[in-house]
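Chain by chain, the residues run as shown.
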Amino acid sequence: MPTRKTRVLVTGAGGFIGHHLVNYLKHQGYWVRGADLKRPEFAASAADEFRLLDLRLREDCLGATQGIEEVYALAADMGGMGFISAHHAQILHNNALINIHTLEAARASGARRYLFTSSACVYPEFLQTTAEVRPLREEDAYPADPQDAYGWEKLITERLCAHYRMDYGLETRMVRFHNIFGPLGTYQGGREKAPAALCRKVAEAKLTGKAVIEIWGDGEQTRSFCYIDDCVEGLCRLMRSEYREPLNLGQDRMVTINQLADLIAEIAGVRLEKRHVPGPQGVRGRNSDNTRLRQVLGWEPRVSLEEGLARTYAWIEGELARQLGGGESQEELCLTATR
Ligand code: NAD
């Protein structure tokens, strides 16, 4: 059993999910070390200690895991479809180094538990060719055929985690996220994902009086989206559980990208035309089968898409308004967004 003094490492603590996870763990009373190439972009970290490290390097991983009992491994070179579909070699190279060295350092440092953040991108492309796709069960990952190098690397690291448990007794846990979104995540610059990108496009249109937003492809590709508060709670529940196989963590309500854009426009209170332009779209359809999640954790995500989008949109519109010179302070907006 963990105690309030359990020493936890969160890698990728300067990123979107890692930053929220550090906050959550601190509220639970853990001692937390964050590690990342950079500090969080939008708010100060609540970590007891924050180390700026390059986790592709063995020595840096050993420094990060020193004295640590539990590791949440979130560091990754990643982004939305635009980034993932254009940087295969970089993603496979960097993430393989990060994951191999972090896992080995955790073992060498005597950590007891290790949670690896995998992705729905591990699922085979041939099961995701239509918009009305059957929800993906954990066992669907094999025979393997992920669409991108990003998915292959996640799948290999899942195997590595399983072997570290079997060969070395390190208690590994593996989660497969399905599109996590929320405030304090990247919303511009090329690494942003669909919900943040669409919130930004709608907010830009609203603030500048434009009547059109661009959507990549025909917008009929489908996905499910999970709010960040549910994500971090699910992560901690999985770490505490005795379940040792990969587990989906996401919502199982599927919407098209067009529907997602319409929901955001409705939240913003604007009517916008959607212009469909060429762009990377990923698989045609994807949804999470949450049967095992419910069985294993006795729990599933509960924040509705509408509620999550409202909080996310409010934060992103505030950020853009501030950039344009007329908005509330970022601090005020963060408080509203995380309530
Ligand atoms: P993010 O990009 O916001 O955070 C990742 C962090 O890793 C960044 O802060 C980055 O600086 C850091 N990092 C990258 N290279 C590093 C290095 N060499 N050394 C140290 N730190 C490094 O991404 P996120 O959305 O918070 O995702 C967290 C984890 O969850 C990742 O492993 C990601 O693959 C996985 N995941 C996320 C989603 C999602 O929808 N957000 C979906 C599936 C899987």
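Residues numbered from 1 in each chain as written. Predicted model: local features only at pLDDT ≥ 70, side-chain atom pairs only at ≥ 80, totals over all residues. Heavy atoms only, no water.

1. So, the overall build of the protein
For the protein, the count of helices and strands is 11 helices and 13 strands. A compact globule built from 339 residues should have a C-alpha radius of gyration of about 20 Å, and the protein, at 19 Å, falls within 12% of that. Burial status across the protein gives 55% buried among its 339 residues. Relative to all contacts within the protein whose residues are 6 or more apart in sequence, the contacts with residues 24 or more apart total 77%. When the accessible surface of the protein is totalled, it reaches about 14,400 Å², and 51% of it is carbon and sulfur. (Helix = DSSP H or I, 4+ residues; strand = E, 2+ residues; numbered from the N terminus. Rg over C-alpha atoms; globule rule 2.2 N^0.38 Å. Buried < 20%, exposed > 50% of the residue type's maximum accessible area, 1.4 Å probe, protein only. Contact = heavy atoms within 4.5 Å. Areas by Shrake-Rupley, 256 points an atom, 1.4 Å probe, with all protein chains shown as cover.)

2. Topic: helix H2 (residues 58-65)
The complete set of buried residues in H2 reads Cys-61, Gly-63, Ala-64 and Thr-65. In this structure, the buried residues of H2 make contact with strand E1 (7-11), strand E2 (31-36), strand E3 (49-52), strand E4 (70-73) and helix H4 (88-109). Where H2 terminates, the next one or two residues include Gly-67, which has phi positive at roughly 75°.

3. Description of the side chain of Ser-224
Position of Ser-224 among the secondary structure elements: in strand E9 (residues 222-224). Here Ser-224 falls in the buried class, since its relative accessible area comes to 1%. A distance of 2.8 Å separates a polar atom in the side chain of Ser-224 from the backbone oxygen of Gln-251. With residues near it in sequence (within four places) discarded, Ser-224 still touches His-178, Asn-179, Gln-251, Arg-253, Arg-286, Asn-287 and Ser-288. (Polar contact = N/O pair within 3.5 Å; in protein donor to acceptor, adjacent residues only side chain to side chain.)

4. Focus on the site of the ligand
Near the ligand there are 26 residues, and of these Ile-17, Asp-36, Tyr-150, Lys-154 and Ile-180 occur at the shortest range. Burial of the ligand by the protein chains amounts to 92% of its free accessible area of 820 Å². Contributing elements (two or more residues each) for the shell around the ligand: helix H1 (16-28), strand E5 (113-119) and helix H5 (149-168). At 3 residues, the largest contribution of residues to the shell around the ligand is made by E5. Class assignment for the residues of the shell around the ligand results in 13 nonpolar, 7 polar and 6 charged. (Near = heavy atom within 4 Å. Nonpolar A, V, L, I, M, F, W, Y, C, P; charged D, E, K, R; others polar.)

5. Side note on unusual backbone geometry
A cis amide bond links Tyr-142 to the next residue, Pro-143, at an omega of 0°. Inspection of the secondary structure assignment puts Pro-143 in the loop between E5 and H5. Unusually for a residue other than glycine, Asn-179 sits at a positive phi of about 50°. Residue Leu-184 is not a glycine yet carries a positive backbone phi of 70°. Topologically, Leu-184 is positioned in the loop between strand E7 (180-181) and helix H6 (194-208).

6. Description of the packing of H4 against H5
Relative to each other, H4 and H5 sit at 15°, their axes nearing to 9 Å. Here H5 runs roughly parallel to H4, going by the angle between their axes. By crossing handedness, the relation of H4 to H5 is classed as right-handed. Residues His-88, Ile-91, Leu-92, Asn-95, Ala-96, Asn-99, Ile-100, Leu-103, Glu-104 and Arg-107 of H4 form the contact with H5, whose participating residues are Ala-149, Tyr-150, Glu-153, Thr-157, Leu-160, Cys-161, Tyr-164 and Tyr-168. (Axes fitted to C-alpha atoms, helices over the stretch in contact; angles between N-to-C directions. Parallel < 35°, antiparallel > 145°, perpendicular 65-115°, else oblique. Left-handed = near helix turned anticlockwise from the far one by under 90°.)

7. Some thoughts on the packing of helix H8 (residues 257-268) against helix H10 (residues 305-323)
Helix-helix packing is characterised by the crossing angle of the two axes and by the distance between the axes. Closest axis-to-axis distance for the H8/H10 pair is 10 Å, and the angle between their directions is 60°. Here H8 is positioned oblique relative to H10, judged by the angle of their axes. The crossing of H8 and H10 is right-handed. Along the contact surface, H8 presents Leu-260, Leu-263, Ile-264, Ile-267 and Ala-268, while H10 presents Leu-305, Glu-306, Leu-309, Ala-310 and Tyr-313. Here the contact of H8 with H10 is composed, by residue class, of 9 nonpolar, no polar and 1 charged.

8. Remarks on the nonpolar core
Counting residues in hydrophobic clusters, the biggest one holds 62 residues, and the most contacted among them are Val-10, Ile-17, Leu-21, Leu-25 and Tyr-72. Looking at this core, you find at least three residues from each of domain 1 (7-180 + 226-249) and domain 2 (183-224 + 254-285 + 304-336). Once residues within four sequence positions are removed from consideration, Tyr-72 is found in contact with Val-8, Leu-9, Val-10, Thr-11, Leu-21, Leu-25, Leu-115, Leu-235, Cys-236 and Met-239. Counting 21 residues, the second largest nonpolar core, distinct from the first, contains Cys-61, Ala-75, Ile-98 and Ala-105. (Core = buried A, V, L, I, M, F, W, Y, C linked by side-chain atoms within 4.5 Å. Domains from an automatic or database assignment.)

9. Points about helix H7 (residues 228-240)
The end-to-end C-alpha distance of H7, which contains 13 residues, comes to 19 Å, matching closely the 18 Å that a straight helix rising 1.5 Å per residue would cover. Among all positions in H7, only Ile-228, Asp-230, Cys-231, Val-232, Glu-233, Gly-234, Leu-235, Cys-236, Leu-238 and Met-239 are buried. (Expected span 1.5 Å × (residues − 1).)

10. Here's the deal with the pattern of salt bridges
Going through the model one piece at a time under the given rule, you end up with 30 salt bridges. The partner of Glu-242 in a salt bridge is Arg-173, and the shortest N-O contact between them spans 3.5 Å. Remark: Arg-173 occurs in strand E6 (residues 171-177) and Glu-242 occurs in the loop between H7 and strand E11 (247-249); sequence separation between them is 69 residues. Judged by its relative accessible area of 53%, Glu-242 is exposed. Here Arg-322 makes a salt bridge to Glu-319, at a shortest N to O gap of 3.3 Å. Of this pair, Arg-322 and Glu-319 both sit in helix H10, 3 residues apart, which is roughly one turn of the helix. (Salt bridge = Lys/Arg side-chain N within 4 Å of Asp/Glu carboxyl O.)

11. Concerning the domain arrangement of the protein
Partitioning the protein into domains gives domain 1 (7-180 + 226-249) and domain 2 (183-224 + 254-285 + 304-336). Centre-to-centre, using C-alpha coordinates, domain 1 lies 25 Å away from domain 2. Contacts between the two partners involve 28 residues from domain 1, matched on the other side by 28 residues from domain 2. Summed over the three residues of domain 1 that lose the most area to domain 2, namely Phe-42, Ala-131 and Tyr-227, the buried surface amounts to 31% of that side. As a salt-bridge pair, Arg-191 and Asp-77 come within 2.7 Å of each other at their nearest N and O atoms. Run the count over domain 1 and domain 2 and you get 9 residue pairs in polar contact (both at pLDDT 80 or more). For the side of domain 1 that touches domain 2, the elements supplying multiple residues, two or more each, are H1, helix H3 (81-84), strand E10 (226-227) and H7. By residue class, the composition of the side of domain 1 that touches domain 2 is 10 nonpolar, 13 polar and 5 charged. (Buried area = accessible area lost by both parts, 1.4 Å probe.)

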